[in-house]
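Close look at the chain arrangement
These are the residues of each chain, in order.
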Amino acid sequence: MLTPSVVRDSLWLADTACLSVIGVSAGAELSARDLRGDAKKIIVWTTCIALFTWLAVFGAFTVGRVSERVQFLEDMNNEDKNDSNSSSSSSLRYAQYWRTCAIGSLIATLSIARSPASAIAVLRETEARGPFSKLTVSVTVLKDVLVVILFALNMEMIESLGLMNVNHIGSSSSSSSSDSSDSSGSSRNQILGPASLDPMTNETAYSTTRRHLMTGEETTNDYEYQMRSIIRALEPIVSVFGSFVFGFFAGAPLHSVLRRLPSPPAQTDDTPSPSMNVRLRFRVLTRQSMKPLFTIAYSTTIFVVSKQLFFLEPLLVCVCCGIFCANRGNFSTTAGANAASLSERDAAVMTTIGSSPPSPSSAATATTTTNKLAQQQLFNAIGSKALHSSLVSLQPSVNLVFFTLAGVALEMEHVVKSAQAAILLVTFRMLGIFIACRVAIRLLSSSELPDSVSSMDIERQRNVAWMAHVTQAGVALGLARTCSVKFSDWGEQFASVATAMIALNLLIGPPLFRFALTRVGEARVTDANAVDGAQEE
């Protein structure tokens with residue numbers, strides 16, 4: 001029988017494989033060529049939506065006291081009140097304040113996420129084409145890359161500062177118990193070496209720093225303690241930067257191997273014999289499965305290695321791997337792009353040829369350089385297309401397994417108790433997206449819009465643009481699952497609340513996106529059905 005403990009202990013490899021493929025898919029959707037077209041517009045939209053969504057959800061969770069409706073957070077706060085009789089009330093208030101901010105920041109960051117797969121599915125269903133559809137997909141993909149980075153920073157900060165493991169903060173007599181839980185929960189403590197004890201307070205440097213942060217007490221640490229505090233503060237940045245570097249370096253082998261693996265054999269007109277037919281089918285099946293199997297095996301490997309050996313953020317590593325592999329061959333094949341891609345020496349040779357009678361040696365050099373560039377672009381394009389085809393073939397199976405495991409790991413008790421909080425957070429999230437879209441359109445003045453866009457079209461987009469950014473699915477669920485694995489004490493409860501929010505957005509989002517496409521006039525299927533219905537009447 002599938003239970004949350006079975007998923008966590010026995011099916012962790014399947015869960016890890018699904019998360020790694022989701023991460024690579026999110027990165028592979030980011031196209032540098034599309035971003036270069038409307039870079040300013042995409043950046044403005046992405047920044048506005050990310051900022052206002054985060055502020056709306058975080059403000060509702062902390063200032064709006066939605067956190068009081070989250071059951072597991074209230075249980076943790078009540079447990080501190082019962083167990084910390086010797087602690088001052090100010091210490092408990094500081095602890096609860098930072099704990100609320102930590103969970104609120106995680107939920108607010110998770111609210112930025114959007115689902116590229118669901119957006120593309122709605123666009124294909126409605127056969128939508130146009131600037132609004134293109135802008136929506138570009139902003140969606142860029143937001144997902146941004147939210148993975150921000151969520152990784154949030155988790156690293158919470159783990160580094162121990163914001164969720166604060167018990168008995170005000171008393172030094174109980175600091176040793178919290179230190180033991182911190183050392184067992186964080187692998188980085190082993191890297192920094194054993195923490196020396198302060199003979200005056202019998203505390204480690206980390207627990208002292210955390211106690212002063214939570215209680216607001218002034219610190220008199222010596223140089224060693226201050227250096228350890230600086231190292232702890234820099235850990236999240238170093239981890240995210242290391243994930244970037246590791247992910248981009250990991251993308252090169254994936255691209256190279258996918259480019260060299262054999263493709264399925266082409267169909268022939270000759271009708272083979274029955275025995276040859278079976279052999280040919282087996283050969284086709286083998287070749288078709290080689291690239292997808294290598295993709296999932298390689299992505300799972302870098303996920304596990306980056307997490308277990310280098311203590312990096314594995315989902316961010318997979319996203320960066322997908323970005324590099326998908327965009328390595330993202331170059332134009334026209335002659336103008338080839339000339340722009342030449343080095344300074346080759347460009348000088350081309351200029352010399354154009355201004356003087358070409359010599360055989362210079363013409364041969366230019367031809368050789370152009371051929372090498374064209375060949376390299378062809379190889380890069382082959383690897384990128386192989387990655388996309390592999391991910392498309394893997395997506396149905398990965399989604400089936402991943403959503404099944406996510407549903408099994410869902411703790412319905414916490415979902416039911418926190419249902420009101422989930423509904424309120426979804427409402428404030430949509431409010432933040434609505435305000436963000438209004439601000440983005442105002443920032444992009446009408447002078448920067450093309451002449452073909454009328455004031456009526458601008459007003460129509462202003463009213464419905466927010467509907468295109470509501471849906472959440474795979475990436476958001478993947479981040480929630482990553483959090484549940486990283487923080488075993490409260491991660492599952494947080495994932496349950498986050499899954500409830502994601503499920504509501506997944507139900508509301510697609511119909512709103514279809515309505516927005518219809519209002520801006522880019523949904524061809526809907527328009528055709530309406531015309532047919534009018535003609536029949």
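Computed from a predicted model, the values in this text were never measured in an experiment.

What follows concerns the overall build of the protein chain. Helix and strand content of the protein chain: 23 helices and zero strands. Out of the 537 residues in the protein chain, the part that is buried amounts to 46%. A fraction of 86% describes how many contacts in the protein chain between residues 6 or more apart in sequence connect residues 24 or more apart. Accessible surface, the protein chain as shown: approximately 26,300 Å² in total, 62% of it carbon and sulfur.

This part takes up the nonpolar core. Ranked by internal contacts, the top residues of the largest apolar core, which has 116 residues, are Trp 45, Ile 103, Leu 387, Trp 490 and Phe 494. The leading source of residues in this core is helix 8 (residues 131-161), at 13 residues. Every residue in contact with Ile 103, bar those within four places of it in the chain, is listed here: Phe 61, Phe 72, Leu 73, Met 164, Trp 490 and Phe 494.

Together, Met 227, Ile 230, Leu 234, Ile 237 and Val 238 make up an exposed nonpolar region whose accessible area comes to about 450 Å². Counting through the fold element by element, Met 227 comes out in helix 12 (residues 223-260). Owing to a relative accessible area of 33%, Met 227 belongs among the partly exposed residues under this scheme.

Applying the stated criterion across every chain, the model contains 10 aromatic pairs. Among the aromatic residues, those joined into a cluster by ring pairs are Phe 244, Phe 248 and Phe 324. Taking NZ or CZ as reference, Arg 114 lies 5.4 Å from the ring centre of Phe 513, over its face.

So, on to the side chain of Ser 496. With respect to the element layout, Ser 496 can be found in helix 22 (residues 491-519). Those residues in contact with Ser 496, other than ones at most four positions away along the chain, are Ala 409, Leu 410, Glu 411, His 414 and Val 415.

Of note, Arg 65 is a non-glycine position whose phi angle comes to about 60 degrees, a positive value. With a relative accessible area of 52%, Arg 65 lands in the exposed category. The phi dihedral of Glu 127 falls on the positive side, at around 55 degrees, and the residue is not glycine. Among the structural elements, Glu 127 can be located in the loop between helix 7 (116-126) and helix 8. Take Glu 127: its relative accessible area is 44%, and that puts it in the partly exposed class.

Let us look at the environment of Ala 233. Along the chain, Ala 233 falls in helix 12. Overall, the relative accessible area of 45% leaves Ala 233 in the partly exposed class. Between the C-alpha atom of Ala 233 and that of Leu 161, which follows or precedes it by 72 residues, the distance is 7.9 Å.

Attention shifts here to the pattern of salt bridges. Here the structure, examined in full by the defined rule, presents seven salt bridges. Note that Arg 65 is salt-bridged to Glu 68, the shortest N-O span being 2.8 Å. Its salt-bridge partner being Arg 514, residue Glu 125 comes within 3.1 Å of it at the nearest N-O pair. In this pair, Glu 125 is assigned in helix 7 and Arg 514 in helix 22, connecting sequence segments 389 residues apart.

Once that is clear, we can look at the packing of helix 2 (residues 12-28) against helix 14 (residues 314-327). With their axes 6 Å apart at the nearest point, helix 2 and helix 14 run at an angle of 45 degrees to one another. Considering the angle they form, helix 2 stands oblique to helix 14. Relative to helix 14, helix 2 is oriented so that their crossing is right-handed. Along its contact with helix 2, which presents Leu 19, Ser 20, Gly 23, Val 24, Ala 26, Gly 27 and Ala 28, the element helix 14 presents Leu 315, Cys 318, Val 319, Gly 322, Ile 323 and Ala 326. Partitioning the contact of helix 2 with helix 14 into residue classes produces nine nonpolar, four polar and no charged.

Relative to the assigned elements, Gly 509 resides in helix 22. Separated by 38 residues in sequence, Gly 509 and Thr 471 place their C-alpha atoms 4.1 Å apart. If we ignore the near neighbours within four places in the chain, the residues touching Gly 509 are Met 467, Val 470 and Thr 471.

On to the side chain of Thr 126, then. Mapped onto the elements of the fold, Thr 126 is located in helix 7. At a separation of 3.5 Å, a polar atom in the side chain of Thr 126 contacts the main-chain carbonyl oxygen of Leu 123.

A separate point is helix 7. Looking only at helix 7, the buried set comprises Pro 116, Ser 118, Ala 119, Ile 120, Val 122, Leu 123 and Thr 126. After helix 7 finishes, the residue Glu 127 shows a positive phi value of roughly 55 degrees.

Attention now goes to the packing of helix 4 (residues 39-62) against helix 6 (residues 89-111). At a minimum axis distance of 8 Å, the contact between helix 4 and helix 6 shows a crossing angle of 145 degrees. Note that helix 4 runs across helix 6; the crossing there is right-handed. Contact with helix 4, carried on its side by Thr 53, Trp 54, Val 57, Phe 58, Phe 61 and Thr 62, involves Thr 100, Cys 101, Ile 103, Gly 104, Ser 105, Ile 107, Ala 108, Thr 109 and Ser 111 of helix 6 and no other residues of that element. Partitioning the contact of helix 4 with helix 6 into residue classes produces eight nonpolar, seven polar and no charged.

Counted according to the given criterion, the structure contains zero disulfides. Sulfur of Cys 318: no disulfide; nearest cysteine sulfur belongs to Cys 321 and is 6.7 Å away. Residue Cys 318 is classed as buried on the basis of its relative accessible area of 0%.

Confidence in the prediction of the protein chain, expressed as mean pLDDT, is 75, and 71% of residues score 70 or more. The spread of mean pLDDT over the elements of the protein chain runs between helix 10 (residues 188-192), the lowest at 39, and helix 4, the highest at 93. Throughout residues 214-220 the model reports pLDDT below 50, and contacts reaching past four residues in sequence, or to other chains, amount to 15 contacts. For the stretch residues 530-537, pLDDT sits under 50, and the model shows zero contacts to residues farther than four places along the chain or on other chains.

The rules behind each value
Note on numbering: residues in each chain are counted from 1, in written sequence order. Reporting of local features is limited, given that this is a predicted model, to residues whose pLDDT is at least 70; pairs of side-chain atoms are given and counted only at 80 or more, and all residues count toward the totals for whole chains, interfaces and linings. Side-chain numbers come from the whole structure's heavy atoms, not from hydrogens or water. The way it works is that DSSP assigns letters per residue, a run of H or I at least four long becomes a helix, a run of E at least two long becomes a strand, and they are numbered from the N terminus. Three labels apply to residues, based on accessible area from a 1.4 Å probe with only protein chains included: buried if under 20% of the type maximum, exposed if over 50%, partly exposed otherwise in between. Should any heavy atoms of two residues lie within 4.5 Å, those residues are counted as being in contact. The Shrake-Rupley method, run with a 1.4 Å probe sphere, supplies the accessible areas, and residue values consider only the shown protein chains as cover. Throughout, nonpolar core names a set of buried Ala, Val, Leu, Ile, Met, Phe, Trp, Tyr and Cys residues whose side chains join them through atoms within 4.5 Å. Surface patches are drawn from residues lacking salt bridges whose relative accessible area is over 30%; two like charges belong together within 9 Å, two nonpolar side chains (Val, Leu, Ile, Met, Phe, Trp, Tyr) within 5 Å. A pairing counts as a salt bridge when a side-chain nitrogen of Lys or Arg comes within 4 Å of a carboxyl oxygen of Asp or Glu. Two rings belonging to Phe, Tyr or Trp (six-membered ring only in the last case) form a pair when the distance between their centres is within 6.5 Å. Interplanar angles under 30 degrees mark stacking, angles over 60 mark edge-to-face geometry, and anything in between is tilted. By definition here, charges over rings are those cases where NZ of Lys or CZ of Arg is within 6 Å of the ring centre and within 35 degrees of the ring normal. Angles run from 0 to 180 degrees between N-to-C directions of axes, and those axes are lines fitted to C-alpha atoms, restricted for helices to the stretch in contact. For classification purposes, an angle smaller than 35 degrees is called roughly parallel, one larger than 145 roughly antiparallel, one from 65 to 115 roughly perpendicular, and anything else oblique. Helix crossings get a hand from a simple test, with the near helix turned counterclockwise from the far one by less than a right angle marking a left-handed crossing and a clockwise turn marking a right-handed one. Residue polarity is assigned by list, with Asp, Glu, Lys and Arg as charged and Ala, Val, Leu, Ile, Met, Phe, Trp, Tyr, Cys and Pro as nonpolar; anything else, Gly included, falls into the polar class. Whenever two N or O atoms come within 3.5 Å, that pair is a polar contact, provided that in protein one can donate a hydrogen and the other can accept it, and provided that, for residues adjacent in sequence, both atoms are side-chain atoms. When two cysteine sulfur atoms lie within 2.5 Å, the pair is treated as a disulfide. What pLDDT expresses is the predictor's confidence in each residue, scored from 0 to 100.

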